Amino acid sequence: MAIQTVGVIGAGQMGNGIAHVFALSGYNVALNDISSDAVDRAIGLIENNLDRQVGRGKISQEDRDAAMARIAPQMDLAALGQSDLIIEAATENEDVKNKIFASLAPHLAEHTILTSNTSSISITRLASRTDRPERFMGFHFMNPVPVMQLVELIRGIATDEATYKTLADVVDRLGKQAASAEDFPAFIVNRILMPMINEAIYTLYEGVGSVQSIDTSLKLGANHPMGPLELADFIGLDTCLAIMNVLHDGLADTKYRPCPLLVKYVEAGWLGRKTDRGFYDYRGEVPVPTR
Ligand SMILES: CC(=O)CC(=O)SCCNC(=O)CCNC(=O)[C@H](O)C(C)(C)COP(=O)(O)OP(=O)(O)OC[C@H]1O[C@@H](n2cnc3c(N)ncnc32)[C@H](O)[C@@H]1OP(=O)(O)O
Ligand SMILES: NC(=O)C1=CN([C@@H]2O[C@H](COP(=O)(O)OP(=O)(O)OC[C@H]3O[C@@H](n4cnc5c(N)ncnc54)[C@H](OP(=O)(O)O)[C@@H]3O)[C@@H](O)[C@H]2O)C=CC1
C-alpha cells in the first residue's frame, strides 16, 4: 500500500523530528498532542531545524516551505483516524499508549496501519489490545530523528508481511536505513545502549568518577559523540528509567536494575534537557554538571 497521509501522536522531541522527516519526504502529516502548547512548540522547532538545513545548504528554501505546508496541527485525535499510517510517539508508558489506541479505535479507517515509536514496550502486547494486530508494528526512530539514519522495525507476533513491507518502503523513501528486531524488551538498540547508560549512572553513584570525568572518558576514550550522561539527559531521564524498568521486569535479571540515582533524578523532576536539569544544569550559558 502506498502511504500518503501520516498521523503523529505526541509532539515531544521524537514527534517533532518524525513530523519533520515525513513532511520533507512528501508525506502529509497531522501532528497531535494532549497539549496544544506542545504542538505549537514542535512546529516552532521544526521551522528552526528546517531553517538550519536551508542555512547549511542541505535543502532548498522551496523544500522547506513545501515541508512546512504539509504539516497540520490536529488537536482532535479522532481526525487522525483516516490517515494511512499512524505513528504513536507519546510518553513511554504502556497505559498512556493503550489509552491512545483505544481512543483512536472507533475512528480508524479499515486500511490504517498503526505503529508505535516505543523504545522498549512489547509490540505484541500493545497490538493485542487493538482491533488490528496484523496491521500493527514497532516503528522505532532514533533521536535526533532528522540526523540519525536508523529505524528499527519490530514485528509483533501477528504482524503481516504486507505491513512490514509497507513500512520498509517508507523507511527507504525517508532515505533512512531499516534494521529488523525481534519483539523482546527494548529490542536491539536500547537492549545494548540503555544498560551502558545505567552502568554510567552506577559509576557516578558509586563515586568512581564525576559527571565530567565519566563523559570525557567515553567521548575521548571510546570515541562516542556524546558521553553517556550527556546522552541520558538528551534522551530524557524519565524515558531511560522507563526502558530500564521494562528490561528489568521483562527479562527478570538483576543486571537490569535501574540505578537508584536515576530513580532519584526522575523523582526530582530533573529529566534532562527537556526540563533544563538532569546530570547537567542547562539554565546558564554552558551546561554545568549537577554532581
Ligand atoms: C532512546 C531510544 O529509544 C533510542 C535513541 O534514540 S538512543 C539515542 C541515539 N542518539 C545518539 O546516540 C546521538 C548521539 N549524539 C550524536 O550523534 C551527536 O552528538 C549529534 C548528531 C546529536 C550532534 O552532533 P554534533 O556534531 O555534536 O553537533 P552538530 O555539528 O551541531 O550537529 C550535527 C548535525 O546534526 C544536526 N542536529 C543536531 N542536533 C539536532 C536536533 N536536535 N534536531 C535536528 N538536527 C540536529 C545539526 O544541524 C547538524 O546537521 P548538518 O550535519 O546537516 O549540518
Ligand atoms: N527520547 C528519545 O531519545 C527517544 C524516545 N523514543 C520514544 O518515543 C516516545 C516519545 O518520547 P519523547 O518524544 O522523547 O518524549 P517527550 O516527553 O519529549 O514527548 C512526549 C509527548 O507526548 C505527549 N503525550 C503524553 N500523553 C499523550 C496523549 N495521551 N496523547 C498525545 N500526546 C501525549 C506529552 O505531553 P505532556 O508533556 O503534556 O505529557 C509530550 O508532549 C516514547 O515512547 C519514547 O520511548 C524513541 C526513540 C528515542
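Residues numbered from 1 in each chain as written. Chains lettered and ligands numbered in written order. Predicted model: local features only at pLDDT ≥ 70, side-chain atom pairs only at ≥ 80, totals over all residues. Heavy atoms only, no water.

- The name an unreviewed UniProt entry assigns to the chain is 3-hydroxybutyryl-CoA dehydrogenase, from the organism Rubricella aquisinus.
- Recorded in UniProt under Sequence similarities (unreviewed entry), the annotation for the chain is "Belongs to the 3-hydroxyacyl-CoA dehydrogenase family." (UniProt positions renumbered as here; feature names shortened; annotations may be inferred.)

## A short note on the packing of helix α7 (residues 189-205) against helix α10 (residues 237-251)
Then comes step 1: For the pair α7 and α10, interaxial distance at closest approach is 10 Å and the crossing angle is 110°. By the angle class used here, α7 and α10 are roughly perpendicular. Once α7 is placed against α10, the crossing between them reads as left-handed. Residue-level contacts link N190, R191, M194, P195 and N198 of α7 to C240, I243, M244, L247 and L251 of α10. (Axes fitted to C-alpha atoms, helices over the stretch in contact; angles between N-to-C directions. Helix = DSSP H or I, 4+ residues; strand = E, 2+ residues; numbered from the N terminus. Parallel < 35°, antiparallel > 145°, perpendicular 65-115°, else oblique. Left-handed = near helix turned anticlockwise from the far one by under 90°. Contact = heavy atoms within 4.5 Å.)

## Comments concerning the site of ligand 2
Then comes step 1: As a structural note, the neighbourhood of ligand 2 is formed by 25 residues, with D33, E92, K97, S119 and I235 the closest of them.
Then comes step 2: Side-chain polar atom of N117 to an oxygen atom of ligand 2: 3.0 Å apart, as the coordinates give it.
Then comes step 3: One of the side-chain nitrogen or oxygen atoms of N143 is found 3.1 Å away from an oxygen atom of ligand 2.
Then comes step 4: Across the complex, the protein chains shield 82% of the 900 Å² of accessible surface that ligand 2 would expose by itself.
Then comes step 5: Mapped by element, the contributors of at least two residues to the shell around ligand 2 are α1 (13-24), α4 (94-104) and β6 (136-141).
Then comes step 6: If one sorts the elements of the shell around ligand 2 by residue count, α4 sits on top with three residues.
Then comes step 7: In the shell around ligand 2, the residues fall into 10 nonpolar, 11 polar and four charged. (Near = heavy atom within 4 Å. Polar contact = N/O pair within 3.5 Å; in protein donor to acceptor, adjacent residues only side chain to side chain. Areas by Shrake-Rupley, 256 points an atom, 1.4 Å probe, with all protein chains shown as cover. Nonpolar A, V, L, I, M, F, W, Y, C, P; charged D, E, K, R; others polar.)

## Quick look at the pairing of strand β1 (residues 5-9)
Then comes step 1: Among the five residues that make up β1, four are buried, leaving the element largely enclosed by the rest of the structure.
Then comes step 2: In this structure, β1 lies alongside strand β2 (residues 28-32), joined through five bridges in parallel fashion. Paired with T5 across the bridge in β2 is N28.
Then comes step 3: Considered for its hand, the β-α-β crossover made up of β1, α1 and β2 is right-handed.
Then comes step 4: Looking at chain direction, β1 and strand β4 (residues 85-88) are connected through four bridges and run parallel. Bridge pairing in β4 places I9 opposite E88. (Buried < 20%, exposed > 50% of the residue type's maximum accessible area, 1.4 Å probe, protein only. Pairing = 2+ DSSP bridges. Right-handed = clockwise from strand over helix to strand, strands pointing away.)

## Concerning α7
Then comes step 1: Between the first and last C-alpha of α7 there are 24 Å, a value that for 17 residues agrees with the 24 Å anticipated at 1.5 Å per step.
Then comes step 2: Inspection of α7 places N190, M194, I197, N198, A200, I201, Y202 and L204 among the buried residues, and these make up the whole buried set.
Then comes step 3: Against the buried residues of α7 lie β6, α8 (211-222), α9 (228-235), α10 and α11 (260-268).
Then comes step 4: Once α7 finishes, G207 follows within two positions and takes phi at roughly 75°, a positive value. (Expected span 1.5 Å × (residues − 1).)

## Examining the packing of aromatic side chains
Then comes step 1: The final tally for this structure, using the stated rule, is nine aromatic pairs.
Then comes step 2: Here the aromatic rings of Y280 and Y282 are separated by 6.2 Å at their centres, their planes lie at 50°, and the arrangement is tilted. Y282 matches Y280 in its accessibility class, with the two residues each being buried.
Then comes step 3: Ring pairs connect the aromatic residues F22, Y27, F139 and F141, which therefore count as one cluster.
Then comes step 4: In this arrangement the basic side chain of R173 is found over the ring face of Y27, its NZ or CZ atom lying 3.9 Å from the centre. (Phe/Tyr/Trp six-rings, centres within 6.5 Å; stacked < 30°, edge-to-face > 60°. Lys NZ or Arg CZ within 6 Å of the ring centre and 35° of its normal.)

## Thoughts on α1
The α-helix advances 3.6 residues per turn, and as a result positions three or four apart in sequence lie on the same side.
Then comes step 1: Over its 12 residues, α1 runs 17 Å from end to end, which matches the ideal 16 Å to within 8%, given 1.5 Å per residue.
Then comes step 2: Most of α1 is tucked away: 10 of the 12 residues are buried.
Then comes step 3: Within α1, burial applies to M14, G15, N16, G17, I18, A19, H20, V21, F22 and A23.
Then comes step 4: Downstream of α1 by one or two residues, G26 has phi in the positive range, about 100°.

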